[in-house]
Amino acid sequence: MKKLAIFGSGAGSNAENICVYFNKSSDIKLVMMCTNRKDAFIVERAKKLKIPMVFTSKTELENFDDLAKILVKYQVDYIILAGFLLKIPSKMIEQYPNKIINIHPALLPKYGGKGMYGENIYKAVLENKETESGISVHFVNQNYDEGKIIFQKSFSLSPDENLESLTAKIHELEQSLYPKIIEKTLFSL
Ligand code: GAR
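All of the points below concern the structure found in this document. No experiment lies behind these values; they were computed from the predicted model shown.

Reading the values: the criteria
Residues numbered from 1 in each chain as written. Predicted model: local features only at pLDDT ≥ 70, side-chain atom pairs only at ≥ 80, totals over all residues. Heavy atoms only, no water. Near = heavy atom within 4 Å. Polar contact = N/O pair within 3.5 Å; in protein donor to acceptor, adjacent residues only side chain to side chain. Areas by Shrake-Rupley, 256 points an atom, 1.4 Å probe, with all protein chains shown as cover. 1 Å grid on protein atoms, 1.4 Å probe; cavity = no way out; pocket = protein on both sides within 12 Å on 5 of 7 lines; lining within 4 Å. Sits in = over half its atoms within 2 Å of the grid points. Helix = DSSP H or I, 4+ residues; strand = E, 2+ residues; numbered from the N terminus. Nonpolar A, V, L, I, M, F, W, Y, C, P; charged D, E, K, R; others polar. Pairing = 2+ DSSP bridges. Axes fitted to C-alpha atoms, helices over the stretch in contact; angles between N-to-C directions. Contact = heavy atoms within 4.5 Å.

## A few points about the site of the ligand
Not every one of the 15 residues close to the ligand is listed here, only the nearest: Gly12, Ser13, Asn14, Gly118 and Glu174. Asn14 is positioned with one of its side-chain polar atoms (N or O) 2.9 Å from an oxygen atom of the ligand. The separation between a nitrogen atom of the ligand and a polar main-chain atom of Met116 is 3.2 Å. Protein contact buries 91% of the 450 Å² of open area that the ligand shows by itself. In a pocket analysis with a 2 Å cut-off to the grid points, the ligand is assigned to the largest pocket. Of all the secondary-structure elements, those providing two or more residues to the shell around the ligand are α1 (13–22), β5 (100–104), α6 (118–127) and α7 (163–188). Taken together, the residues of the shell around the ligand break down into six nonpolar, eight polar and one charged.

## Side note on the sheet that holds β5
One open sheet holds the seven strands; their spatial order is β3-β2-β1-β4-β5-β6-β7, and the pairing between them is mixed. Each edge of the open sheet is held by one strand with a lone partner, namely β3 (53–55) and β7 (149–156). Taking each pair of neighbouring strands and ignoring which way they run, the sheet shows an average axis angle of 20°. Of the pairings in the sheet, the one linking strand β4 (residues 78–81) to β5 comprises three bridges and is parallel in character. Counted as the bridge partner of Leu81 is Asn102 from β5. Relative to the sheet, helix α2 (residues 41–49) contacts β2 (28–35) and β3, its axis offset from that of β2 by approximately 145°.

In structure tokens form, the structure reads like this:
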């Protein structure tokens, strides 16, 4: 049984979707979630799903000692980032080499890096009049959004694409593909 922890700072729609997807799996189990934001909606979702939620501050994450013990306590094998906005410290990457996976709502290496998340990305994509966008799933390394790309899926932007339509397209792709990509990746490692 491969055990997952999901880290998120926002609404938690991917976290819930991943949890539901693996609910009946006998190979992969979501054992905990972690957030740096006590007021994020992901906290409510964890409660509803009865998944233990762990809080970490930026300092605690950077220090990593206490969080490392918690991950060991829950026997976490893989860490899934789903809208987690803090930088993952080197200590954590060393402890989980090629075992931390992130989803990014753009076609990396474009629109990656510090400050590039959610709406900021969609606005930049639209302002630059891109003709396509998409999602990227990648391993996490020391630099924001620069780890090895595992999977990308692109789509064309229509001439009248707007923030709402682009957001909806990205979310739909994330919901239908992220759990499957995680599953496939864990079995190929
Ligand atoms: C997702 O769209 C994810 O791709 C994005 O944050 C959103 C989280 O939504 N991640 C980034 O922008 C990372 N740079 P959720 O909390 O509802 O899953």
